[in-house]
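Letter by letter, the chains look like this.
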Number of protein chains: 2
Amino acid sequence: MLPVVLASHRGPASFSRTPSGLTVKRGAGGLVTALMGLAEHLTDAVWVCAAATEADAAVAAEHEGHSVEIAFTPEPELLAQDETFDGPSVNVRYVEVDPERHRMFYGEIANPLLWFVQHGLYGRAMDPDITAETHRAFDEGYVAVNRMFADTVAEEVEQRGGRAIVMLQDYHFYLVGEMVRERCPDAVISHFVHIPWPSPDGWRILPPTMRESLLRGLLGCDVVAFHTRRFARNFLACAAEIVDCDVDMRGMAMRCGDRAIAARAYPISVDVEAVDKLAASEEVAAHRATLTSYVEDGQQLVVRVDRTDPSKNIVRGFRAFGILLDEHPELRGKVTFLASLMPSRTDVPEYADYLAQVGAVVAEVNARHHMEGWQPIDLRLQEDLAFALAAYQLADLLVVNAVNDGMNLVAKEAVLVNQRDGVLLLSESTGAHEELGPHALTLHPFDLQQQADAMWTGLTMPTADRRRLLRGAADEVRGNDVERWLRRQLDDLLAKAP
Amino acid sequence: MLPVVLASHRGPASFSRTPSGLTVKRGAGGLVTALMGLAEHLTDAVWVCAAATEADAAVAAEHEGHSVEIAFTPEPELLAQDETFDGPSVNVRYVEVDPERHRMFYGEIANPLLWFVQHGLYGRAMDPDITAETHRAFDEGYVAVNRMFADTVAEEVEQRGGRAIVMLQDYHFYLVGEMVRERCPDAVISHFVHIPWPSPDGWRILPPTMRESLLRGLLGCDVVAFHTRRFARNFLACAAEIVDCDVDMRGMAMRCGDRAIAARAYPISVDVEAVDKLAASEEVAAHRATLTSYVEDGQQLVVRVDRTDPSKNIVRGFRAFGILLDEHPELRGKVTFLASLMPSRTDVPEYADYLAQVGAVVAEVNARHHMEGWQPIDLRLQEDLAFALAAYQLADLLVVNAVNDGMNLVAKEAVLVNQRDGVLLLSESTGAHEELGPHALTLHPFDLQQQADAMWTGLTMPTADRRRLLRGAADEVRGNDVERWLRRQLDDLLAKAP
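Residues numbered from 1 in each chain as written. Chains lettered and ligands numbered in written order. Predicted model: local features only at pLDDT ≥ 70, side-chain atom pairs only at ≥ 80, totals over all residues.

On to the overall build of chain A. Broken down by element type, chain A carries 18 helices and 19 strands. In summary, chain A has a C-alpha radius of gyration of 23 Å against a globular reference of 23 Å for 498 residues, a match within 12%. Taken along the three principal axes of its C-alpha coordinates, chain A extends 70 × 50 × 40 Å. Taking all 498 residues of chain A together, the buried fraction comes to 52%. For chain A, contacts bridging at least 24 residues in sequence account for 75% of all contacts bridging at least 6. (Helix = DSSP H or I, 4+ residues; strand = E, 2+ residues; numbered from the N terminus. Rg over C-alpha atoms; globule rule 2.2 N^0.38 Å. Buried ≥ 20, exposed ≤ 12 C-beta atoms within 10 Å, placed from the backbone. Contact = placed C-beta atoms within 7 Å.)

Right, dumping it as structure tokens:
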């Protein structure tokens, strides 16, 4: 088994200083959870990530820039340098990025520029503006941070004799593959893109120098991986159109100069065991008890759980629900839309505006359709996974109508735990749709009427049909959990090792 | 030579009733001018178009729905049914569409929905909304009007024994090809798309049923033609991605079921002779005399001519000029930006908003940089071809920075008539860039700094270099005028006749 060097922006654990000393917390987010599963099972692995706190940077400095070993007991715990631990642990190498450089890298380029480009959210007539600021943020932020990560990754590979599997993660590090390739010609390098990959036109929003360097960076890898075959095909089209590679669309492969690169689809999933366990917890049961009144006496519950990101299409979802109530006034007092939304990136103007639009449409629909003791939409601005699981359990409909989404794990979690033969309404533009589409009602994200019609279809569907759909979806998720996602990638990469 | 049946939304001539009787005017627009060149030279041709006025409809009714013959002397003149005319004439078949149907067809679907989708102008988070209205406008407007045109085209083909070349024009009639094919299996059918054709992601804004029916409509043709190879490649990608055709990207061909369809690029051009003639006219000279003060005493002139369409990128062009003046204050009083802009579709909110943004940025830049007796930007809201030609003649820089443009004939006209070794600044996202890119400074439409830098480069470029670029561009246009554009298509279509 070759050593593995992982790199992602957020790491598996982060330190903070409290009055009682140094504490360490497990990182949040699906990617961290997924990669933990991998890292715990490898013999020689190191995870390169940004120091997210001053304490992370201090711990890294104390270890003179080497990696630190964190045990999971299951709570994370820093091991002393000479300590041995008989259980799952991860070596973490923190990269310290100064705040201004990080702001340019993350706050100007990765988010929102790349995020918006890849989710197709720019209107083009008035936004975006690429300015001297943007160019500076790209050169001194994005390129520079990618260089720092590439140097760190290359160092870790070299410490392992130059032969290792390198697994780069997401849109923060498109340039790293090519940079590592230069120093480590024998490494097997993969890059996983967790968000949508648009077709060539989408990339034309970026200046030619930027879009070409991002592409060339990825083409330094052996494998570029996505959640869906559609994103992989878009990548192949970009390799042909933007940097003139020789592309085999059917074989999902490219030749660029003297190198062969594969495009692959590995749909990510959830940790089925962990989701099941949390769903059975007291905490979820307590939340569920507060929500059961929504499904008593023949009432039905529509649920959505999202970040308040413009790509999530929350406003159109509520407007569609408003249309449903316009067309079926008999549903008033009978069907409630419960939305648990986590406020996101509220310092970015587009996000703040979008949150305001969400508030506005909720007020509008509730004002139009409320009755004594009943509101059509129950909007909770919160981040609460246990609450979300309770809502998934009770949902008659689960709405995922995203404009664009790399995967969408809400859909996968919800079908695992639902207890009421709930119907998944799933946007055709989510990655999850390639797997779950046959077990869901497909939503067209721009079509308000179609979304209202699909809600009606779902609410009035015979129980046997609902049950068949839900079981199909749950079986699909149980058959491909996050462990398998990782295993398939690692097997393919090992097969490529020289 | 086979008969030819043309179809386009606007026709070559339109009637109106005046106190002195029926008058007829030549149609405006580049497409009409281009197609006139063709129609005048064919032995048996008919041009199917919408009745644009009540008088058009009345004339059509008087002829009991048959075509009418219009002579060009060169002014258009209606010929009596038994009259013969020894000169260029065109048979015109007017299709009467009732106003409400036309509003749905044109005012809701073709513009702005298809126009915005194909120019990539929707921001997706908040626009567009597809509603029940939209579906109704598609079914009862777009589909119905396409059916009317298909029936008329098929009737004209059948009157010619079922064998004819059918040349359908633009985004108004994507469904006509398939409809005509059903009735006229032996016709050779082509469809020319004059606006950009986006890659598959762009089309996902339309509901699946709409985008699939548009694609299938076009795949009823033998040839689908565009201004650039890039748009043709995007079409091939759509045929593979949206309706699952078997695509040969290198051979620019598809197989869909048992039919073979070619994608082709024929870049449209201007009528070189007509442009030269107008440029030499008294009217243009008179306008030129009013503008020469802008280029006296070593001053330089920047020119743009456009409709006030969000796709034209007028606001960013002015902002880039503002940046140029910020960075080079020595240009104040020395370089003026003259913009002749034709207000467009001001009844559409997006267009009205865009016009307001144009006014706002002009005021802002002029307020920031004006000096006694000098304004940085001279904005003329007008439609005046003679004025435009005079401006082209005097321009040191001609700015075409469109976000997206099927071709852009302004660039081609300007390089033909310019008299001051003017430099063309041309967006990479115009169709014209495939031909004129090597003879221009390329603009990146979203990059304000790059546009400001390109303006500086153009203004300070040595005369010999400017002259070389301009001559290269003018030679390119003279070598491929609109006559050749038509001839190449017709030759290719004749070769396909059974």
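This next bit is on the relation of the copies chain A and chain B. The relation between the two copies of this chain is a rotation about an axis and a shift parallel to it. Superposing chain A onto chain B takes a rotation of 180 degrees combined with a translation of 0.0 Å along the rotation axis, leaving an RMSD of 0.0 Å. A rotation of that kind, with that shift, is consistent with a two-fold axis. Minimal C-alpha distance to the rotation axis in chain A is attained by G123 of chain A, lying at 1.8 Å. (Least-squares fit on C-alpha atoms with pLDDT ≥ 70 in both.)

Residue and element names in this part refer to chain B. For K25, the position within the fold is in strand β3 (residues 21-26). With 200 residues separating them in the primary sequence, K25 and A225 have C-alpha atoms 29 Å apart. In contact with K25, other than residues within four places in its own chain, are A13, S14 and P76.

Residue and element names in this part refer to chain A. Along helix α9 (residues 272-279), the residues that are buried comprise V272, V275 and A279. The buried residues of α9 occupy an angular sector of 65 degrees when projected down its axis, which confines them to one face. Opposite the buried face of α9, at more than 90 degrees from it, the exposed residues are E273 and K277. (Arc of directions from axis to C-beta.)

This next bit is on the confidence of the model for chain A. Looking at chain A as a whole, its pLDDT mean stands at 94, while 97% of the residues score no less than 70. Among the scores for the predicted complex, ipTM is 0.94 and pTM is 0.95. (pLDDT = per-residue confidence, 0-100.)

Let us now look at the sheet that holds strand β14 (residues 300-307) of chain B. Residues and elements named next belong to chain B. If you walk across this open sheet you meet the six strands as β16-β15-β14-β17-β18-β19, and the pairing is parallel. The sheet is open, and its two edges are formed by β16 (377-381) and β19 (441-443), each paired on a single side. Sheet twist, expressed as the average angle between the axes of neighbouring strands with direction ignored, equals 20 degrees. Pairing between strand β15 (residues 335-342) and β16: five bridges, direction parallel. Its bridge partner being in β16, S340 is matched across the sheet by R380. Sitting on the sheet, helix α16 (residues 448-459) is in contact with β14, β15, β17 (397-400), β18 (423-427) and β19, with an inclination near 165 degrees to β19. (Pairing = 2+ DSSP bridges. Axes fitted to C-alpha atoms, helices over the stretch in contact; angles between N-to-C directions.)

Glancing now at the sheet that holds strand β11 (residues 246-248) of chain B. Residues and elements named next belong to chain B. Ordered by their spatial adjacency, 11 strands build an open sheet running β6-β5-β7-β4-β1-β8-β9-β10-β13-β12-β11, and the pairing between neighbours is mixed. Edge positions in the open sheet fall to β6 (76-78) and β11, since each of these has one partner strand only. Adjacent strand axes in the sheet meet at a mean angle of 25 degrees, parallel and antiparallel pairs treated alike.

Right, let's talk about the pairing of β3 of chain B for a bit. All names here are of chain B. Within β3, only zero of the six residues are buried, which leaves the element largely exposed. In the sheet, strand β2 (residues 13-18) pairs with β3 via six bridges, with the strands oriented antiparallel. Bridge assignment links S14 to a residue of β3, and that residue is K25.

All names here are of chain A. If you check the domain split of chain A, you get domain 1 (4-95), domain 2 (99-268 + 483-496) and domain 3 (272-479). The centre of domain 1, based on its C-alpha atoms, is set 24 Å off from the matching centre of domain 2. With 15 residues of domain 1 in contact, the opposing surface of domain 2 contributes 22 residues. When residues of the side of domain 1 that touches domain 2 are traced back to their parent elements, those giving at least two are β1 (4-7), α1 (30-39), β4 (45-50) and β7 (89-95). Here the side of domain 1 that touches domain 2 is composed, by residue class, of 10 nonpolar, three polar and two charged. (Domains from an automatic or database assignment. Nonpolar A, V, L, I, M, F, W, Y, C, P; charged D, E, K, R; others polar.)

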